Protein chains: 2
Amino acid sequence: MAEDASTTALTLKDIAREAGVSLATVDRVLHNRPGVRPDTVRRVKEAIARNAFQPHVAAAELARGRARRFAFVMPSGPNPFMQQIEAYLGEMSGWLSARRLSVEIVATDVFDPSVLAASLESLSGDYDGVAVVALDHPSVRAAINDLVEAGTKVVTLVSDVPSSRRHHYVGIDNIAAGRTAGALVGRLIGQRSGKVAIVAGSQALRDHAERIFGFNQVMASEFPDLGVLPVLEGRDEDNRSEQLLARLFGRHADIVGLYNVGAGTQGVGKALTDKALTDKALTDKVSSDAGREKRVVFVGHDVTALTRRLLLQGVMDAAISQNPGHEARAAVRVLLALARGEPILREQEKIRIDIVMRDNLP
Amino acid sequence: MAEDASTTALTLKDIAREAGVSLATVDRVLHNRPGVRPDTVRRVKEAIARNAFQPHVAAAELARGRARRFAFVMPSGPNPFMQQIEAYLGEMSGWLSARRLSVEIVATDVFDPSVLAASLESLSGDYDGVAVVALDHPSVRAAINDLVEAGTKVVTLVSDVPSSRRHHYVGIDNIAAGRTAGALVGRLIGQRSGKVAIVAGSQALRDHAERIFGFNQVMASEFPDLGVLPVLEGRDEDNRSEQLLARLFGRHADIVGLYNVGAGTQGVGKALTDKALTDKALTDKVSSDAGREKRVVFVGHDVTALTRRLLLQGVMDAAISQNPGHEARAAVRVLLALARGEPILREQEKIRIDIVMRDNLP
DNA sequence: GCCGTTTTGAGGTACGCAACTCATTTTGAG
DNA sequence: CTCAAAATGAGTTGCGTACCTCAAAACGGC
């Protein structure tokens, strides 16, 4: 209400006048170009701060001329979650080209540290920004630091390398995700007692290890009566996960909960369905709702076509999800903001841990 | 990989050449200006489509000159959720001014249809876009349609007027939100049996009615053993909600679940805490975990300072939440995209129904 | 006070488009 | 065929910044 609509936004010229210098000097200060006395730098910066001056983004972008190039270094394998991220990047193409931005996908074996590091090194100089699904390994860390050193903006995606000098991490807190999974499994089991199984890809993967850690934390502190069985390593493969689980169900008749940490969901689902059928055949004549009583609470990760179906069928109870579309867009926006020297809207770019059940399927 | 990095992005000049017309004609077509033969329009549009031409956003914005003005019509009362939206708009000020956008808050009694309608009418002509927390009423609908008619872009925020000609709705599907609440209450109750209470502000409010509808849907179809008690109308006031609930607890000893549809959370929490104390005092000598057995599953809406505390204390089990920051930013982005004639990233602007429990508190 | 270096000023060009003017060509009705 | 109206071409200006050049001024060491 108190705004004066007649005032036109300030321009660099106004700042130059305010600071008592020429446009060229303001320009030098703004872009950290050499050849300005410290005292003059201070005066200019003060004038900018005093007036809360913001360069006109559109004008800056236009004057800049050349387009910005970003690279997304992604796993080469057929990971559905990563494919979703790529698909969402594709959906942005109109948005990107209207801003003269280019995003290129670089497929790499991100699980081999030396290959990944080499891939990263090879990008140096060609790109304004790089988003990478990173393995946490010394050589990868070094490659990231080299990129940063060369002036490239770097964000880690989905999986972080906290000890590197990357500018930003776009992804979730995996310990909290594991805790959330634990709380859900425990709460959904309710008053029943029994054992809880965990299937993971590998405990050597940082994100999986963190999720298991968080899960166990909650189980130990809040559901001490539920025994947690040793982690099965399914290597994110369907067949292997299914077989390991089937064997486990054979040994333990009192499993009431299951946490699938990574992929291999198809196999896990199959093992569960088989078990349900067996249990039903065995107890059908005794009690009508024995099937419900013996039902295993199943919590996993990510909303894919498969987990969506399992949720709708009632085989799966909840999926802990990080929104792949949000991650794709946040990574692009963060790289752009970094390249432009704009502040990052932390609240906007933060990836939340979504709990997805049948009724709030996106 | 197949991209040719050497190709420079197309400009209007290229399109003009392609279509065999002059720049002026392309400009006329692009801005729906009169004086172009239908056949020529077609040729130009084809050339644009054929080359997937995107006008350079920055150039367009710069050339445009005048800043865009948006108005946010918000409730004047002390609603914490609305205050959060306003706060997040405030956080965007840097982002906004760098784009030469202005956002003004217009406080109004949105619960009085005629006052709201008058407020909307008064904005006509002054703004490029309007976001409004709208009551669904014929006169409001008419006011919205008038704005749209006058060329103003209109989005409804949090609460929709689906029968109006508003360009977009930024908010959640309240029926689905109610369903989610129902599924949570039912699942978290587990094997226990008993009754479920509902506290709402008023069943005359569209969003509350929709939530209750969704909640009852799920309870009836999936948890038929849980009896749902008649809705208490607390008018979103703490005292009233507390008293109504306390009386209800007195009449029904077997309440195992509670759904708070709107505000008044403080009162609901107090009623629950009092009940827990009473129950504990009565049964302490009999059984040590009777308190847990009698515990009421409590699900409500929105993450505020209060619900956050209740979740951490374990009084509240889950909050169904719509992210106010996301809503604020989405409304601005949608208005901007509409004003620029850009496509809207539906996936990005869709507001999701968040399930917030203690371990994934944002 | 001299000279070389550093700092600063002044000015220009370009970016792609919006918005406008005015002249010219094309069109269709009579 | 004529003439007014409609359609189109050609051109200009300006938006606010980046980036560049060249000259002028201020500076510091001796």
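Refer to the preceding data block for the structure.
Throughout what follows, the structure given in this document is the object of discussion. Since we're looking at a predicted model, the values are computed, not measured. (Residues numbered from 1 in each chain as written. Chains lettered and ligands numbered in written order. Predicted model: local features only at pLDDT ≥ 70, side-chain atom pairs only at ≥ 80, totals over all residues. Heavy atoms only, no water.)

## Some points on the sheet that holds strand 4 (residues 153-157) of chain B
All names here are of chain B.
Turning to step 1, where the next piece is worked out: Spatial ordering of the open sheet is given by 2-1-3-4-5, a layout of five strands whose pairing is parallel. The sheet is open, and its two edges are formed by strand 2 (101-108) and strand 5 (168-170), each paired on a single side. Strand-to-strand twist across the sheet, computed as the mean angle between neighbouring axes with direction ignored, equals 20°.
Turning to step 2, where the next piece is worked out: Summarising the sheet, strand 3 (residues 129-132) and strand 4 pair through four bridges and their orientation is parallel. Looking across to strand 4, one finds that A131 is bridged to V155. (Pairing = 2+ DSSP bridges. Helix = DSSP H or I, 4+ residues; strand = E, 2+ residues; numbered from the N terminus. Axes fitted to C-alpha atoms, helices over the stretch in contact; angles between N-to-C directions.)

## A few points about the environment of N51 of chain A
All names here are of chain A.
Turning to step 1, where the next piece is worked out: As for its placement among the helices and strands, N51 is situated in the loop between helix 3 (38-50) and helix 4 (57-64).
Turning to step 2, where the next piece is worked out: On a C-alpha basis, the gap between N51 and I15 in space is 8.2 Å, while along the polypeptide they are 36 residues apart.
Turning to step 3, where the next piece is worked out: One polar contact links the side chain of N51 to the main-chain carbonyl oxygen of A47, over a distance of 2.7 Å. (Polar contact = N/O pair within 3.5 Å; in protein donor to acceptor, adjacent residues only side chain to side chain.)

## Re the sheet that holds strand 4 (residues 153-157) of chain A
All names here are of chain A.
Turning to step 1, where the next piece is worked out: Taken together, the five strands give an open sheet; going across it, the order is 2-1-3-4-5, and neighbouring strands pair in parallel fashion. The sheet is open, and its two borders are formed by strand 2 (101-108) and strand 5 (168-170), each paired with just one other strand. Going across the sheet, the axis of each strand differs from the next one's by a mean of 20°, ignoring polarity.
Turning to step 2, where the next piece is worked out: Running over the sheet, helix 5 (residues 80-91) touches strand 1 (68-75), strand 2 and strand 4 and is turned about 160° from strand 1. (Contact = heavy atoms within 4.5 Å.)

## So, the packing of helix 1 (residues 12-19) of chain A against helix 3 of chain A
All names here are of chain A.
Turning to step 1, where the next piece is worked out: Look at helix 1 against helix 3: their axes get within 9 Å of each other, and the N-to-C directions meet at 125°. Relative to helix 3, the element helix 1 lies oblique. The handedness of the crossing between helix 1 and helix 3 is right-handed. Between helix 1 and helix 3, the residues in contact are I15, E18 and A19 and R43, V44, A47, I48 and R50, respectively. (Parallel < 35°, antiparallel > 145°, perpendicular 65-115°, else oblique. Left-handed = near helix turned anticlockwise from the far one by under 90°.)

## Details of the side chain of T265 of chain A
Turning to step 1, where the next piece is worked out: Tracing the backbone through its elements, the reader meets T265 of chain A in helix 12 (residues 265-283).
Turning to step 2, where the next piece is worked out: With relative accessibility at 10%, the residue T265 of chain A sits in the buried group. (Buried < 20%, exposed > 50% of the residue type's maximum accessible area, 1.4 Å probe, protein only.)

## A closer look at the protein's contact with DNA strand D
Turning to step 1, where the next piece is worked out: Neighbouring DNA strand D are 26 residues, the closest being L12 and A63 of chain A together with S22, R37 and T40 of chain B.
Turning to step 2, where the next piece is worked out: Within 4 Å of the protein, the contacting atoms of DNA strand D are drawn from sugar and phosphate to the extent of 68%.
Turning to step 3, where the next piece is worked out: At 2.9 Å, a side-chain N or O of H31 of chain A approaches a phosphate oxygen of DNA strand D.
Turning to step 4, where the next piece is worked out: In the model, a phosphate oxygen of DNA strand D is placed 2.7 Å from a nitrogen or oxygen of the T25 of chain B side chain.
Turning to step 5, where the next piece is worked out: Sorting the residues of the surface near DNA strand D by element identifies helix 2 (23-30) and helix 4 of chain A together with helix 2 (23-30) and helix 4 (57-64) of chain B as the ones contributing at least two each.
Turning to step 6, where the next piece is worked out: In terms of residue class, the surface near DNA strand D is made up of twelve nonpolar, eight polar and six charged. (Near = heavy atom within 4 Å. Nonpolar A, V, L, I, M, F, W, Y, C, P; charged D, E, K, R; others polar.)

## Quick word on the interface of chain A and chain B
Turning to step 1, where the next piece is worked out: The interface of chain A with chain B comprises 54 residues on the first partner and 55 residues on the second.
Turning to step 2, where the next piece is worked out: The interface formed by chain A and chain B contains ten salt bridges.
Turning to step 3, where the next piece is worked out: With its nearest N and O atoms 2.8 Å apart, the salt bridge here joins R179 of chain A to D359 of chain B.
Turning to step 4, where the next piece is worked out: Run the count over chain A and chain B and you get 22 residue pairs in polar contact (both at pLDDT 80 or more). (Salt bridge = Lys/Arg side-chain N within 4 Å of Asp/Glu carboxyl O.)

## Some thoughts on helix 14 (residues 305-313) of chain A
Working note: α-helix, 3.6 residues per turn, so residues spaced by three or four point in the same direction.
All names here are of chain A.
Turning to step 1, where the next piece is worked out: Within the span of helix 14, buried status applies to L306, T307, L310 and L311. All buried residues of helix 14 fall inside an arc of 135° around its axis, so they share one side. Exposed and oriented more than 90 degrees from the buried face of helix 14 are A305 and Q313.
Turning to step 2, where the next piece is worked out: Two residues or fewer past helix 14, G314 is found with a positive phi of approximately 90°. (Arc of directions from axis to C-beta.)

## Looking at helix 9 (residues 174-189) of chain A
Residues and elements named next belong to chain A.
Turning to step 1, where the next piece is worked out: An ideal rise of 1.5 Å per residue puts 22 Å on 16 residues; helix 9 measures up with 22 Å between its terminal C-alpha atoms.
Turning to step 2, where the next piece is worked out: Where burial is concerned, most of helix 9 is hidden: 13 out of the 16 residues are buried.
Turning to step 3, where the next piece is worked out: Taking the backbone nitrogen of I175 as reference, a side-chain oxygen 3.0 Å away marks D173 as the first, capping residue of helix 9.
Turning to step 4, where the next piece is worked out: One or two residues past the end of helix 9 sits G190, with phi positive at roughly 75°. (Expected span 1.5 Å × (residues − 1).)

## Things to note about empty space enclosed by the protein
Turning to step 1, where the next piece is worked out: Enumeration according to the criterion identifies two cavities of 30 Å³ or more in this entry.
Turning to step 2, where the next piece is worked out: Size it by volume and the largest cavity reaches roughly 320 Å³.
Turning to step 3, where the next piece is worked out: Surrounding the largest cavity, 20 residues form its lining, N323 and H326 of chain A together with N323, H326 and R352 of chain B being those nearest its centre.
Turning to step 4, where the next piece is worked out: Contributions of two or more residues to the lining of the largest cavity are made by helix 15 (324-340) and helix 16 (346-349) of chain A together with helix 15 (324-340) and helix 16 (346-349) of chain B.
Turning to step 5, where the next piece is worked out: Of the residues contributing to the lining of the largest cavity, the split by class is two nonpolar, six polar and twelve charged.
Turning to step 6, where the next piece is worked out: Reported here for the second largest cavity is a volume of approximately 40 Å³.
Turning to step 7, where the next piece is worked out: Here the lining of the second largest cavity is built from residues that sort into one nonpolar, two polar and five charged. (1 Å grid on protein atoms, 1.4 Å probe; cavity = no way out; pocket = protein on both sides within 12 Å on 5 of 7 lines; lining within 4 Å. Points joined across faces, edges and corners; volume = space filled by probe spheres on them.)

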